[in-house]
Structures are given as C-alpha cells and as structure tokens.
Amino acid sequence: MNNKQYDAVIIGAGIIGNCISYEMALKGYKTLNIDKLGGSGFGSTAGSCAIIRLYYSSPEGVALAREGYYYWLDWNRYLNVTDPDGMAYYKNTGAMVFKSDINKNLAPVMESLDALGVGYRELSPGDMKQYLPNPDLRSYHPQKLMDDPEFGKPTGPSINGAVYVPESGYVSDPKLSTHNVEMAVRNVGGDFMFNAEVTDILTKDGRAAGVTLKDGTVIEAPIVVNVAGPHSYFINRMAGIEDKMNIKTRALRVEVAHVPSPQGVDWENTGVITSDSDTGVYTRPETGNHWLIGSEEPKCDPLEYVDPDDYNQNFTDQLKTQAMRQAMRVPDLPIPNKNQGLVDLYDVSDDWYPIYDKSDLPGFYLAIGTSGNQYKNAPAVGSFMSELIQYCEAGNNHDRDPLQYKMKYIDRTLDIGFFSRNREINKDSSFSVIG
Ligand SMILES: Cc1cc2nc3c(=O)[nH]c(=O)nc-3n(C[C@H](O)[C@H](O)[C@H](O)COP(=O)(O)OP(=O)(O)OC[C@H]3O[C@@H](n4cnc5c(N)ncnc54)[C@H](O)[C@@H]3O)c2cc1C
C-alpha cells in the first residue's frame, strides 16, 4: 500500500498521459502517472514521427489539430519550465498532400481547411516540381507488394496535383517533449512512478478506486485514466469494460524507413512533409539529412495486429517496400542495402478515430485508440480530458449531454461526444493513419 493520497492515477507516461496529468494538476488534482517503462515517452511516443499537420477531412479534425498546433508554437510558455535535458521544439516545413481519387482530390480536406481559415495553395503537377527533387509525377496507383511483377510500374501519365499547407511541420524530439511535460507536471505537484506495471484496476462501491501493481503495491485513487497506448485494451479488460464499448482498440505493428537524401539535396533544411496517397506513403525530413518514410496503409498491405508484449521487432519486407514506393516518386533516392528505420505500434480503434471518453465504470476514463496520428493533439487532448473528468465527477452525464469544450486558441466549441466509445463506426474514415 502506497500511503500517499492521490486524486487520480494516470496509467501511462506517454505524450498524451503526461499532457492529461499536466492539465489535471493545473486544475488542482493530485496526480500520479504510472508507467511500466523506465521514463516518460519511452512507449510508442518515442517512435512517433511527431508530424504536426492541419489537414484532416472533417472540420472537427482540422479544428483539433489547429488547436494543438498553437500549443506546440508556444511550447515553452505553455509548460512554464526549463527542462535540464533541453526543450523540444516545433520546426515548420510545410506539407504537400497529393490529390487522388481515393481522397476525392482533397475536396473534403479543402472544405474543412476553409471552415477553419487555414491557408493552402492548390498545386498543379507542374507546380509540385518546386517542392520535390527531380520527381516522377506519374501515377502508380493502385499500390502493389514488392513481389508483384507490376510493382514500380506506372499506371497513368500523371497524378492529379496537390494541396500545399504551409503551416505544417514536426516536433524535434517526441520523447524529449514528453519529458518536458513531466518536468511541468512535477513543477505543479504531480508525481511519477516508473518501472511499475499496473496489473489490476481496483473498484469500490461500483466505481474505480485505484490500481494494483505487479509487485503487489496498491495505490488508491477515485479517478483512474487509461492512457496506456497500444496496451489500452489490456487495461480495459482489467477494468471489465471492454465488452461494453462499441469501438474497441488493438495494437498494430508498423515500420518506418529512414533513407538518406539524394546527393546534393539538403532535405533536412529545405524538405517538406509529403502525404502521397498515390504511392501510399508519407514522409518527413529527418535530422542527418534523411527522409523518414511511413505507410498510409494501402489496401494491398496486410495489417498486422499483434500482442503488444510479443511481436516481431525486426524489419520485414514492409520497410523496403515503403522506401521503394517513395523512390517511385523521387527516383534519385538512394535505397541503402542495410535497412534503417524503426518498428513500433499504433493503438488503433475500429474506425481509426481516437476514443476520448468516460467509461461504463464511474471514475474510469479513456484516452486511447490514437491510431498513429494523435501526437499533435496531445496538449489539446490534455486540456479537454481534464475538463471531461471534472464534468463527469461533478455528476454530469456525458453520454447523454456530451461536454462541449470551448477551445483555448480557436473561437470554436468541440463536441467531445464525437470521440465516444459508443459511437457508430465512422464510415467517412480513411481507415488509415490519415484518420
Ligand atoms: C511509428 C509512429 C509514427 C507516428 N507518427 C505520428 C505523427 O507523425 N504525428 C502524430 O500526430 N502522431 C503520430 N503517431 C501517433 C502518436 O505518436 C501517438 O498517438 C501518441 O504518441 C500516443 O501517446 P500515448 O501517451 O497515448 O501512448 P504511449 O506513448 O504508447 O504511452 C503509453 C504508455 O503506457 C505504458 N503502459 C502500458 N501498459 C501499462 C501498464 N500495464 N502499466 C503501466 N504502464 C503501462 C507504456 O509503457 C507506455 O509508455 C505515431 C505513432 C507511431 C508509433
């Protein structure tokens, strides 16, 4: 039995878990983040590409991303601490999103950007040459696997153009950014416990009452928040609520390739983020003058749902496939013989939209199913999750009367019911990391 008194236990010290405890601690809750790993951001946050982009296909998606973006612009002032390990920073690059039939030539995205007043430029294929070194702008869609004889062969004379969004970039170091938040949480009275694995959720009188750790330690608290990333469904099972949710979460194994820039191209300083639905990959510039290449889950690629405690951490053909897909677009891209990159997990929900909600167990809250695209939103999520918890603990029924969250930077209200665990599967979703 840990004899400190806590108002809330937050399971997980990733970027979202830490941002939630920061906002809760600012509201006066005594918080404890518990993580089974050795430090903040050591889980899936560490592998994040940390891309901050505003293009989503719904106005809600754009609004939340834009709200999050402002926190990153104002990071040091927001956290109000100086981390002795250094401060992460946002680097603006701009982003070029390819039009294609799959994304309806970005009509819904442009409509949503317009609704939020986000500026962008429509580019013809000719204009796109300005943003990519010596590109091949033929169409390669539909994508194929490497062993298909048609792999790498163009299927059409030209892609349809693109939308360029200048307000886009990435955060220098996602793990460090999470440590920055830990410093801010400690500064306002929150505690952390590392190398401590939650193995059970305690209940008392029909509500959450704390957690039990693997070594038998019991920590009591009337509020427990599941922010366990790819392990979120394990925690839901411990709380006995998984079967009561319409939308579930699973761990998806993903690979991200790192490839050096073509010779003579300073991609680290001049490169943009790309989202290419025609070749099925997204990229961003990486330190060391590299390209970082992730997948947009084209239909031919099998999705590999895994046990987050037991999965293949070695590179497979997937890594090379992603690099080769990008080399279709930028033929000068050198593909090294030795694979470089990373293997990590997304916590994917059934419709690839996150779940930010209460649960059927009073006092037990969910910030899960972040589906490979919620790093950017973490500070804004921290803010509305702390309000959601206050709202529910004050006796409001969020299922019936969902919290309407007034954003801090944007003059807009977000219906938090949009992220309900009991929503119908959102059929407008891309069912990919794009959201
Ligand atoms: C390869 C990759 C690329 C991505 N790229 C982007 C991007 O470009 N832009 C973007 O916006 N998003 C991106 N994302 C998504 C984003 O990184 C995640 O949504 C975000 O980091 C999730 O943070 P989290 O705090 O919810 O989870 P995590 O960082 O996974 O933290 C969960 C923590 O819970 C702990 N935990 C689990 N079970 C237990 C237990 N039983 N007891 C104690 N602790 C436990 C884990 O150890 C872990 O540290 C990417 C993700 C990946 C994997």
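Residues numbered from 1 in each chain as written. Predicted model: local features only at pLDDT ≥ 70, side-chain atom pairs only at ≥ 80, totals over all residues. Heavy atoms only, no water.

Engineer: I tried to follow the packing of helix α1 (residues 15-26) against helix α10 (residues 378-393) on my own but got confused; where do I start?
Structural biologist: In a packed pair of helices, the relevant descriptors are the angle between the two axes and the axis-to-axis distance. Two numbers describe how α1 lies on α10: the axes approach to 7 Å, and their chain directions differ by 50 degrees. The angle between α1 and α10 places the two elements in the oblique class. Considering how the two elements wind past one another, α1 and α10 form a crossing that is right-handed. Along its contact with α1, which presents I15, I16, C19, I20, E23 and M24, the element α10 presents A378, P379, V381, G382, S383, M385, S386 and I389. The residue makeup of the contact of α1 with α10, split by class, is ten nonpolar, three polar and one charged. (Axes fitted to C-alpha atoms, helices over the stretch in contact; angles between N-to-C directions. Helix = DSSP H or I, 4+ residues; strand = E, 2+ residues; numbered from the N terminus. Parallel < 35°, antiparallel > 145°, perpendicular 65-115°, else oblique. Left-handed = near helix turned anticlockwise from the far one by under 90°. Contact = heavy atoms within 4.5 Å. Nonpolar A, V, L, I, M, F, W, Y, C, P; charged D, E, K, R; others polar.)

Engineer: Would you take a moment to explain the layout of surface pockets for this structure?
Structural biologist: Leftover empty space is mapped by rolling, across the atoms, a probe with the size of a water molecule. Roughly 840 Å³ of volume is contained in the second largest pocket. Shared between two domains, the lining of the second largest pocket takes at least three residues from each, and those domains are domain 1 (8-86 + 173-248 + 351-419) and domain 2 (95-166 + 252-344). (1 Å grid on protein atoms, 1.4 Å probe; cavity = no way out; pocket = protein on both sides within 12 Å on 5 of 7 lines; lining within 4 Å. Points joined across faces, edges and corners; volume = space filled by probe spheres on them. Domains from an automatic or database assignment.)

Engineer: I keep staring at the site of the ligand and nothing clicks. Help me out?
Structural biologist: Around the ligand, a shell composed of 36 residues is seen, among which D35, S44, T45, T370 and K376 lie nearest. T370 is positioned such that a nitrogen or oxygen atom in its side chain is 2.8 Å from an oxygen atom of the ligand. A distance of 3.0 Å separates an oxygen atom of the ligand from a polar backbone atom of Y375. Here the ligand has 1000 Å² of accessible area as a free molecule, and 98% of this is covered by the chains. A per-class count over the shell around the ligand returns 17 nonpolar, 14 polar and five charged. (Near = heavy atom within 4 Å. Polar contact = N/O pair within 3.5 Å; in protein donor to acceptor, adjacent residues only side chain to side chain. Areas by Shrake-Rupley, 256 points an atom, 1.4 Å probe, with all protein chains shown as cover.)

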